[in-house]
Amino acid sequence: MKRRKFIKNAALTSAGLAVGSTLSSCDESKSKEKSTGAKASLPLVIATWHVEAATAKAMEVLQSGGTALDAVEQGCMIEEANEKGQSVGKGGLPDREGNVTLDACIMDKNGNCGAVVYLKDITHAVSIARKVMEDTPHVMLAGEGAKQFAVSQGFEPEDLLTEASKEAWEKWKVEAKYKPIINIENHDTIGMLAIDKNGDISGACTTSGLAYKMAGRVGDSPIIGSGLFVDNEIGAAVATGLGEEVVKTVGSFLVVELMRQGKSPQEACEEAIGRIVNKPNSDYKNFQVGYIAVNKQGETGSYSIHQWFSMTKFQDGINEQIQSDYFNKEN
Ligand code: SD4
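Model, not experiment: these values are computed from the prediction. Position numbers for residues count from 1 along each chain, tracking the sequence in the order it is written. In keeping with the model being predicted, local features are shown solely for residues with a pLDDT of at least 70 and side-chain atom pairs are shown and tallied solely at 80 or more, while totals for entire chains, interfaces and linings include all residues. Heavy atoms throughout the structure, all of them, feed into the side-chain values; hydrogens and water do not.

(A) Local environment of the pattern of salt bridges. Put simply, a salt bridge is a Lys or Arg side-chain nitrogen that is within 4 Å of an Asp or Glu carboxyl oxygen. What the rule picks out here adds up to 16 salt bridges. Note that R260 is salt-bridged to D231, the shortest N-O span being 2.7 Å. Within this pair, whereas R260 is found in helix 9 (residues 251–260), its partner D231 is found in strand 7 (residues 228–231), the two being separated by 29 residues in sequence. Exposure classes here rest on a 1.4 Å probe applied to the protein chains alone. A residue is buried below 20% of its type maximum, exposed above 50%, and partly exposed in between. Residue D231 is classed as buried on the basis of its relative accessible area, which comes to 17%. One connected set of salt bridges, linked through shared partners, spans D70, E73, R130 and E134. Only DSSP runs of H or I with at least four residues qualify as helices, and only runs of E with at least two residues qualify as strands; both kinds are numbered from the N terminus onward.

Here it is in structure tokens:
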């Protein structure tokens, strides 16, 4: 399904309309990843949402002998530079005051990680996160310091607020109501996990966060363990959706730890969503969270609270969008 159609479908779902068979273009046979225990063919890339250009770039890097770390960085950069994607990098929707602020992190096979939060004016937040990991003694830089560091590394500052995003913000300001919207209009973070041909795993996550968030708000995406976690012995997971709920359950770390206990990636994603929806008084009907995961054997899984979350997977020459199974089947 092309992104535009997907957005439309998601909007219909979030508006509470019945989702009929014409919208159900997902292939049910693919919607639930089975655990076979067999070793999958490598290399392999998965990413949140429908981002085939990004997974294609990552696979190109892997096929030409690049590492999983290079692959996830370069794959994510495709979406960061894509001005049409209004929740990542350039063209991201701003906060309530019109600032586009980016959050990103990256993690390698050795458990090293780097992150930037509240980064302004620099498109490739994922690359700055990698620089933090490789060229500083720290794991996270925020705001002005993160920007200064990026500039010192040769990154050119630019205005990230495009005409289209500015227009959307002006329109939002008329009512200025803040309510997380269930699906993709403001949930299009790219989280990417890759296994290179040596079987080594890396991951990255990059976003402009929730549209019209409070100024200064930081979500789950740059928080290691919440938005992303990689353990090269076990596997990796990455999250998208309402970051506050992911942070409260340390979601990606949880998925990896569940895989460590023997769960398949699919089972682990399902249990991590269960931790959110089964809380007493959970308000899950009003927000979306989705996880994707891969284990050391190359098995993958994905699960979300609501319909229309998807994963893009590139393996064995096939680059495809796979609709995710989901918890809330009430509609
Ligand atoms: C956040 N998890 O900032 C991110 C939002 C997201 O697609 O996933 N957007 O809470």
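Let us keep going from here.
(B) The arrangement of the confidence of the model for the protein in detail. Averaged over every residue, the pLDDT of the protein is 86; residues scoring 70 or more account for 85%. pLDDT measures how confident the predictor is about each residue, on a scale from 0 to 100. Here a residue-residue contact requires only that any non-hydrogen atoms of the pair lie within 4.5 Å. Segment residues 1–32: pLDDT under 50, and 53 contacts once partners within four positions in sequence are set aside and those in other chains are kept.

(C) Spatial organisation of the sheet that holds strand 4 (residues 140–142). The rule for pairing is simple: two strands pair if DSSP sees at least two bridges between them. One open sheet holds the eight strands; their spatial order is 4-3-2-6-5-1-11-12, and the pairing between them is mixed. Edge positions in the sheet fall to strand 4 and strand 12 (318–323), since each of these pairs with one other strand and no more. Strand-to-strand twist across the sheet, computed as the mean angle between neighbouring axes with direction ignored, equals 10°. Two elements, strand 5 (residues 190–195) and strand 6 (residues 201–207), share six bridges in a ladder whose sense is antiparallel. Bridge pairing in strand 6 links I195 to I201. Interaxial angles span 0 to 180 degrees and are taken between N-to-C directions of axes, which are lines fitted to C-alpha atoms, for helices over the stretch in contact. Packing against the sheet, helix 5 (residues 125–135) makes contact with strand 2 (102–107), strand 3 (113–119), strand 4 and strand 6, and its axis sits at approximately 130° to strand 3. Together, strand 3 and strand 4 form the strand contacts of helix 6 (residues 143–152), whose direction differs from that of strand 4 by roughly 105°.

(D) Spatial organisation of the packing of helix 4 (residues 68–81) against helix 5. One way to put it is that helix 4 packs onto helix 5 with a least axis distance of 8 Å and a crossing angle of 150°. Looking at the two axes, helix 4 sits roughly antiparallel to helix 5. Contact residues: L69, D70, E73, C76, M77 and E80 in helix 4; A125, V126, S127, R130, M133 and E134 in helix 5. The labels follow the angle: roughly parallel below 35 degrees, roughly antiparallel above 145, roughly perpendicular from 65 to 115, and oblique for the rest.

(E) Spotlight on the packing of helix 9 against helix 10 (residues 265–277). Running from amino to carboxyl end, helix 9 crosses helix 10 at an angle of 135°, the nearest separation of the two axes being 8 Å. Compared by their axis directions, helix 9 and helix 10 come out oblique. The two elements helix 9 and helix 10 cross, and the hand of that crossing is right-handed. Two secondary-structure elements touch here, helix 9 through G251, L254, V255, L258 and M259 and helix 10 through P265, A268, C269, E271, A272 and R275. Each residue is assigned to one class: nonpolar for Ala, Val, Leu, Ile, Met, Phe, Trp, Tyr, Cys and Pro, charged for Asp, Glu, Lys and Arg, and polar for all the others, Gly among them. Of the residues in the contact of helix 9 with helix 10, the class split is eight nonpolar, one polar and two charged. Left-handed is the label given to a crossing in which the near helix is rotated counterclockwise from the far helix by less than a right angle, and right-handed is the label when the rotation is clockwise.

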